[in-house]
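The residues making up each chain are set out below.
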Amino acid sequence: MTTTVNESAPGGASRQAAGLPRLLPASPEDLRGHLARYGATPYRGRTGVLIGDIEASGLTGRGGAAFPVYRKMAIVARSRAGRKVIVANGSESEPASRKDELLLRIAPNLVLDGLQLAAEAVGATEAHLYLHYGPTGEILRALAERASRGLDGIGVTITQAPPRFLAGQETALVNRLGGGPALPTFQPPRVSERGLGGAPTLVQNVETLAHLALIARYGPRWFRAAGTDAEPGSMLTTVYRPDGKCRVVEAEIGAPLRTLLSSGAETAAWLVGGYHGTWLPMPQAVGLTLANDTLKRFGASVGAGVLVALPADRCGLTEAARVTGYLAAESAGQCGPCLNGLPRIAAGLAELAGSGHRRQTRADVERWAGLVTGRGACNHPDGTVRFVRSALTVFSSEISLHARGQCSATNRKPFLPLPNGMPTSEDDWT
Amino acid sequence: MGGTTVFWYASRATGIVALLLLTAVLVFGILVNRQGRLPGLPRFAVTDLHRNLSLLAVAFIAVHVFTAVLDTYVHIPLISAVVPFASGYERLWLGLGAISLDMMIAMIVTSLLRGRMNRILWRAIHLLAYASWPVAFAHGIGSSKDLQQGWMLDMAIGCALIVAVAVIWRLAHAARQVPRAGRVAAVFAQHTATTSRATASKQARRTGETVTR
Amino acid sequence: MADTLKVNPIDCTGHGVCAELLPELISLDEWGYPIVDPRPVPPVLDREARRAVAACPALALKLMRTEEPARSA
């Protein structure tokens, strides 16, 4: 596996002052190590109590949407339904993201603590773990050890997510757990109001739950010691630098991106926020930080923490076209605008990345991008359009080059990771 | 079969009209599903006609039932209109009529409650239309000497043929439907075909050739 | 307290009845799917809006309280 933990992320003293790293131990930790380091799971004894701390901490979801965690918890907690469900979302459907996989491998107990604490806080009667690779050895061992010590208040069912980009979307997840395919449904109702089997369902990313487990121990002020006032805490990032290696780095929110990504002549552009994220031009974006406050000036957001520095010897336009083709193929095909728009946008981008394109292709792509935004049942068309539009802006000079049959790249090897299997049958979604 | 009362005539007449209306309702229903249009009429006309004609058909069936019950030549209990095989007279054929009517009532009630009920359940009940029509047809042919001869028989056969054609058209489309998992690939293919035709015709215009599909 | 028109894009199959009945607020894109005005329905069009909602063969058009439904990533 190419994933490594980078403990020596730059920032030095300030990182230590902020108490980083918080989530990632130096090596995989079993239950004994976990308990020695953190102590026993600090259950509160009744529902609702922990939610106040989570609100004070300002914790937002680490799965990409950055929704305030306490709000979803409060909705589920105050429901009077007899059945309530909690799901730890470890599907990590973004192909370039590796942070959840690493977290679950080396610190599964932190995630499972968070799951149990959140379950207690909202009064969950049922708990699920939704995983990209299904039950791994580390997870099963952790669950078995916890069971033998009676640590867990509620049993956990593990379900494997299908390898689809949309499999981790909240409503698709609920559909999958309910026995159907991982296809999104229209909202309202939100899953926190009516989710699995009609029960209020709290869905949280596994990293979010790990942070929650630490806040429950050390308190909201501790959590806020890192990060910014508006966006407190730390987050796991999956970083790709021009050397081609993939690293998971825990970074303070607000850290300068240039301490995580390269920025010199060897970098063509940055991609922040993964495949629903935003391309950023170099050198204009070099001063940006890992915080939505600064990123939004360029229409970007941190998302699930995927950060890429595209090497200068690659063609960003070609990379963008490849990824867009993938995103189009991953459309659920349920909504007319997305189904019709995304493949056409992808084809248009492929034509722009080819050598010589028809004159109206650029305008066509722009028109289709406008047509699909906001008109699907989920965020897929919107995220794809954001990715495409930023690519068209950042790589516009490349488009002109390709129109004349040229390309600035000297290396044709694909850089951005994509999975191999494209969906072809209904079974691929279950 | 005897009885030349006004009730009996009314029952036979409204029954025949009901058959014609039900034929139209089924065809319009298929037309709605296929997003077909009637020449010169707006799209909402097909939907409105389907719904309104179905209510009109039920109105005619109500008169058809009540007049049959009111006719004193044979005894037909009112309940046999909805409870199959509860009539002593022509037990089988009237029973089929009741079955068909029951299905229609289910379709109409569920359609009125459509916003509040499970979509899949609504659709399953609405598919009963394909059973309800032939059962109504059998009821008509079996219980009425009128429909068994002459121009009325021709008319009944005509209705059956129209329904058959419509159903075959519907089934053919269902067979051609791309399953959800294949839809994106289909759009890709369609788009590639369109753009390569556009490129080819553009090139042909330059060279003076014609492009055939 | 105005209502807003929303389309469930999963149920919508592009019949186009809504755009015919309410052209002031709904138009069709190049693939036949409705583009719905996101602003609250003006009171003068309220009856037409309800008619369009009732007429949709797929029951995909809805009239909802003005709060925007959340869409998560």
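Draft legend 1. Quick peek at the overall build of chain A. Within chain A, the secondary structure is distributed over 16 helices and 10 strands. Taken across its 430 residues, chain A has 56% of its residues classed as buried. Sequence separation of 24 or more characterises 73% of the internal contacts of chain A that already satisfy a separation of 6 or more.

Draft legend 2. Structural view of the overall build of chain B. Looking only at helices and strands, chain B features seven helices and zero strands. For chain B, the succession of helices and strands along the chain, N to C, is α-α-α-α-α-α-α. Relative to its length of 213 residues, chain B is extended, with a C-alpha radius of gyration of 23 Å against a globular reference of 17 Å. The burial tally for chain B puts 28% of its 213 residues in the buried class. Residue pairs at least 24 apart in sequence account for 59% of intrachain contacts in chain B once pairs closer than 6 positions are excluded.

Draft legend 3. Structural detail: helix α12 (residues 316-329) of chain A. Residue and element names in this part refer to chain A. Spanning 14 residues, α12 covers 20 Å between terminal C-alpha atoms, matching the ideal 20 Å at 1.5 Å per step. The element α12 is extensively covered by neighbouring structure, given that 12 of its 14 residues are classed as buried. Those residues of α12 that sit buried are G316, L317, T318, E319, A320, A321, V323, T324, G325, L327, A328 and A329.

Draft legend 4. Structural detail: the nonpolar core. Ranked by size, the top nonpolar core spans 136 residues in total, and within it M73(A), V111(A), A118(A) and W270(A) carry the most contacts. Ignoring sequence-local partners within four residues, the contact set of V111(A) consists of A88(A), L103(A), L104(A), V206(A), L209(A) and A210(A). Residues L22(B), V25(B), V46(B) and A98(B) belong to the second largest nonpolar core, which totals 34 residues.

Draft legend 5. Inspection of the packing of helix α1 (residues 6-33) of chain B against helix α6 (residues 150-176) of chain B at higher detail. Residues and elements named next belong to chain B. One way to put it is that α1 packs onto α6 with a least axis distance of 10 Å and a crossing angle of 15°. Judged on the interaxial angle alone, α6 and α1 are roughly parallel. α6 is crossed by α1, and the crossing has left-handed handedness. Facing α1, whose interface residues are I16, L19, L20, T23, L26, V27, I30 and N33, α6 presents M152, A156, C159, I162, V163, A166, W169 and R170. Its residues assigned to classes, the contact of α1 with α6 shows 13 nonpolar, two polar and one charged.

Draft legend 6. Region of the structure containing the interface of chain C and chain A. On the chain A side, the residues contacting the 13 residues of chain C number 22 residues. Looking at side-chain class alone, the side of chain C that touches chain A contains eight nonpolar, three polar and two charged residues.

Draft legend 7. View of the domain arrangement of chain A. All names here are of chain A. What the domain assignment lists for chain A is domain 1 (17-224), domain 2 (235-311) and domain 3 (316-419). Domain 1 puts 18 residues into the contact, and the matching count from domain 2 is 15 residues. Looking at the side of domain 1 that touches domain 2 element by element, the count peaks at three residues for helix α5 (residues 99-106). Along the lines of polarity and charge, the residues of the side of domain 1 that touches domain 2 split into nine nonpolar, three polar and six charged.

Draft legend 8. Examining the interface of chain A and chain B more closely. Opposite the 15 residues of chain A that make contact, chain B presents nine residues. Looking at the side of chain A that touches chain B, the elements that each hand over two or more residues are α12 and α13 (336-353) of chain A. No other element matches the five residues that α13(A) contributes to the side of chain A that touches chain B. The residue inventory of the side of chain A that touches chain B, partitioned by class, reads six nonpolar, six polar and three charged.

Draft legend 9. Expanded view of the domain arrangement of chain B. By domain assignment, chain B separates into domain 1 (6-177) and domain 2 (178-213). One C-alpha centre belongs to domain 1 of chain B, the other to domain 2 of chain B; they are set 44 Å apart.

Draft legend 10. Just the pairing of strand β10 (residues 306-311) of chain A, in detail. Residue and element names in this part refer to chain A. The buried fraction of β10 is high, at six of six residues. Across three bridges, the pairing between strand β6 (residues 234-240) and β10 is parallel. If you follow V239 over to β10, its bridge partner there is L307. Note that strand β8 (residues 267-272) and β10 share five bridges and pair antiparallel.

Draft legend 11. Looking closely at unusual backbone geometry. The linkage connecting P188(A) with the following residue, P189(A), adopts the cis geometry, with an omega of 5°. Not every positive phi belongs to a glycine, and Q35(B) is a case in point at roughly 55°. You can see Q35(B) is positioned in the loop between α1 and α2 (43-70). Its identity is not glycine, yet E90(B) carries a phi of approximately 45°, on the positive side. Note on placement: E90(B) falls in the loop between α2 and α3 (91-112).

Rules behind the numbers
- Residues numbered from 1 in each chain as written.
- Chains lettered and ligands numbered in written order.
- Predicted model: local features only at pLDDT ≥ 70, side-chain atom pairs only at ≥ 80, totals over all residues.
- Helix = DSSP H or I, 4+ residues; strand = E, 2+ residues; numbered from the N terminus.
- Buried ≥ 20, exposed ≤ 12 C-beta atoms within 10 Å, placed from the backbone.
- Contact = placed C-beta atoms within 7 Å.
- Rg over C-alpha atoms; globule rule 2.2 N^0.38 Å.
- Expected span 1.5 Å × (residues − 1).
- Core = buried A, V, L, I, M, F, W, Y, C linked by C-beta atoms within 7 Å.
- Axes fitted to C-alpha atoms, helices over the stretch in contact; angles between N-to-C directions.
- Parallel < 35°, antiparallel > 145°, perpendicular 65-115°, else oblique.
- Left-handed = near helix turned anticlockwise from the far one by under 90°.
- Nonpolar A, V, L, I, M, F, W, Y, C, P; charged D, E, K, R; others polar.
- Domains from an automatic or database assignment.
- Pairing = 2+ DSSP bridges.

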